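Secondary and tertiary structure notes
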Amino acid sequence: MKSQSTLVFSNELPPVKKLGEELLLIYDQILAQKSPVFKKWSQQIALRYAVKAGEHLKDIEQFPRHIKAITKLTEQTSVKKLTIVVVGGGSLGDFGGFVASILKRGVRLIHIPSTWLAAIDSAHGGKTALNVGGAKNQIGTFYPAEQILMVRSVLMSQPEARAYEGFGELVKIALIEGGKLWSSLAKERQVNSKVLWKHLESAVKAKYKVVAKDPEEKKGVRHVLNLGHTVGHVLESYYELPHGIAINYGLDFAVRFSVQKKIMKPAEAEKIYSEPIMGFLLSPLRDDMISIKSNDLKEYRRLLLNDKKKTKAATLRFVFLQKPGKTVIQEVSVDDLLIEICRQREEELHG
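Summary of the structure given here. (Residues numbered from 1 in each chain as written. Predicted model: local features only at pLDDT ≥ 70, side-chain atom pairs only at ≥ 80, totals over all residues. Heavy atoms only, no water.)

**Observations concerning the packing of aromatic side chains**
Using the criterion set out here, one finds 13 aromatic pairs in the structure. Relative to Tyr300, the ring of Tyr239 has its centre 6.4 Å away and its plane inclined at 70 degrees; by these criteria the two rings are edge-to-face. You can see Tyr239 sitting in helix H10 (residues 229-239) and its partner Tyr300 sitting in helix H14 (residues 294-305), a full 61 residues away along the chain. What makes Tyr300 buried here is its relative accessible area of 1%. An aromatic cluster of three or more residues is present, and its members are Phe253, Phe257, Phe318 and Phe320. (Phe/Tyr/Trp six-rings, centres within 6.5 Å; stacked < 30°, edge-to-face > 60°. Helix = DSSP H or I, 4+ residues; strand = E, 2+ residues; numbered from the N terminus. Buried < 20%, exposed > 50% of the residue type's maximum accessible area, 1.4 Å probe, protein only.)

**Some thoughts on the side chain of His124**
Looking at where His124 falls in the secondary structure, it is placed in the loop between helix H5 (116-122) and strand E6 (130-132). The exposure class of His124 is buried, given its relative accessible area of 2%. A polar contact is formed between the side chain of His124 and the backbone oxygen of Ala119, at a distance of 2.6 Å. (Polar contact = N/O pair within 3.5 Å; in protein donor to acceptor, adjacent residues only side chain to side chain.)

**A few points about the packing of H10 against helix H11 (residues 243-260)**
With their axes 7 Å apart at the nearest point, H10 and H11 run at an angle of 135 degrees to one another. With respect to H11, the element H10 is oriented oblique. Every pair of crossing elements has a handedness; the one defined by H10 and H11 is right-handed. Taken together, the residues of H11 that come into contact with H10 (itself represented by His229, Val231, Gly232, His233, Leu235 and Glu236) are His243, Ala246, Ile247, Tyr249, Gly250 and Phe253. Among the residues forming the contact of H10 with H11, the class breakdown is 6 nonpolar, 5 polar and 1 charged. (Axes fitted to C-alpha atoms, helices over the stretch in contact; angles between N-to-C directions. Parallel < 35°, antiparallel > 145°, perpendicular 65-115°, else oblique. Left-handed = near helix turned anticlockwise from the far one by under 90°. Contact = heavy atoms within 4.5 Å. Nonpolar A, V, L, I, M, F, W, Y, C, P; charged D, E, K, R; others polar.)

**Comments concerning helix H15 (residues 334-350)**
Given a rise of 1.5 Å per residue, 17 residues ought to cover 24 Å, and the 24 Å separating the end C-alpha atoms of H15 matches this to within 8%. Turning to H15, its buried residues are Val334, Leu337, Leu338, Glu340, Ile341, Gln344 and Arg345. Considered in projection along H15, the buried side chains sweep an arc of 160 degrees and stay on one side of the axis. Of the residues in H15, the exposed ones pointing more than 90 degrees away from the buried face are Ile339 and His350. (Expected span 1.5 Å × (residues − 1). Arc of directions from axis to C-beta.)

**A short note on the sheet that holds strand E8 (residues 147-151)**
If you walk across this open sheet you meet the 6 strands as E1-E8-E5-E4-E2-E3, and the pairing is parallel. On the outer flanks of this sheet lie strand E1 (6-10) and strand E3 (47-51), each paired with one strand and no other. Strand-to-strand twist of the sheet, defined as the mean angle between neighbouring strand axes without regard to direction, takes the value 20 degrees. With 2 bridges joining them, strand E5 (residues 108-113) and E8 adopt parallel strand pairing. Looking across to E8, one finds that His111 is bridged to Ile148. Each of strand E2 (22-28), E3, strand E4 (82-88) and E5 is contacted by helix H4 (residues 90-102), which is oriented at about 170 degrees to E4, the strand it contacts most. (Pairing = 2+ DSSP bridges.)

**A look at the pattern of salt bridges**
All chains considered together, the criterion is met by 20 salt bridges. The shortest N-O distance in the salt bridge between Glu165 and Arg162 comes to 2.9 Å. Of this pair, Glu165 and Arg162 both sit in helix H7 (residues 160-177), separated by 3 residues, roughly a single helical turn. Judged by relative accessible area, Glu165 falls into the buried class, the value being 13%. Ionic pairing is found between Glu201 and Lys205, a salt bridge with its closest N-O pair at 3.0 Å. Placement of the pair is Glu201 and Lys205 together in helix H9 (residues 193-213), with a separation of 4 residues, close to one helical turn. Taking the relative accessible area as the measure of exposure, Lys205 reaches 46% and is therefore partly exposed. Overlapping salt bridges, with partners in common, bring together Asp252, Arg256, Glu340, Arg343 and Glu347 in one network. (Salt bridge = Lys/Arg side-chain N within 4 Å of Asp/Glu carboxyl O.)

**Description of the pairing of strand E11 (residues 326-333)**
Of the pairings in the sheet, the one linking strand E10 (residues 315-323) to E11 comprises 8 bridges and is antiparallel in character. When the bridges of E11 are listed, Leu321 appears paired with Thr327. With antiparallel pairing between neighbouring strands as the criterion, E10 and E11 make up a hairpin whose turn holds 2 residues, including Gly325 at a positive phi of roughly 95 degrees.

Shown next as structure tokens:
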């Protein structure tokens with residue numbers, strides 16, 4: 001397998017014959033129900049495996065049933081000729097990528113992301129995963145797709161609410177990259193699918209710059225991609241928020257914590273928050289701040305202690321921001337994180 005995927009941007013789904021000699025399509029069943037165009041396209045592929053998207057798809061307890069069915073479906077195919085084409089969001093990408101990495105000891109893989117979150121973030125980097133015992137991504141492989149096809153018509157068919165959710169990951173990579181990506185995105189005065197598509201190629205290339213330095217997460221370089229995710233994942237799990245919304249909260253927390261730790265100058269934070277795009281992202285959060293009660297903190301602590309970024313018994317690597325384009329990673333105790341969560345909440349309540 002190649003260490004890095006080839007990116008292809010197109011307006012429409014590709015001709016099936018260009019994808020490979022023997023194809024297995026693993027796809028989100030809702031696509032065939034909602035999109036006549038996708039349904040017609042998918043029916044050109046003889047071997048199809050429809051699944052229901054979501055974290056339950058990645059449950060290791062369910063995996064034997066899936067892999068038995070897929071093995072049966074592909075028993076007449078050749079390992080040298082078979083290509084698995086995965087069409088869906090993040091859970092489909094993790095699941096389908098894992099299947100491709102182990103089926104016949106590894107077959108060719110193509111991703112066609114159908115959600116903004118997958119297109120901006122999860123489809124890239126070559127990581128696959130299953131969940132064990134309710135804990136996310138506990139087993140998996142590094143298995144980059146040969147191609148990742150960004151299809152405008154597929155991505156634009158999502159409800160506009162998904163665009164807002166996708167902006168968390170877009171702003172994250174823009175803050176990590178800095179430069180032209182941040183300066184152009186920051187001036188945007190709308191949050192919609194057209195703006196996402198406009199910045200998609202630059203955002204994905206920025207992620208690949210980080211991934212290329214540490215393809216299998218052995219050097220710690222890729223850890224910067226967790227900006228906003230430490231607290232974001234806690235809120236996502238505890239309040240059952242969409243991932244992108246939780247990351248918006250997490251980014252806000254990380255910037256304010258960076259100022260509190262004197263890593264970022266207050267004037268730099270003011271500059272970030274004065275940008276039009278931040279107003280669009282943060283105003284819904286300000287209007288509906290999550291209330292934090294003392295019993296919440298016990299569950300926050302448990303979720304933080306389960307974080308894969310944990311370095312010691314109660315310490316995590318936290319990604320701070322000095323300014324757009326400059327991140328700083330430091331170890332932080334879980335207690336310090338909980339104190340800062342409470343401090344920020346009080347600041348919101350009392351100004």
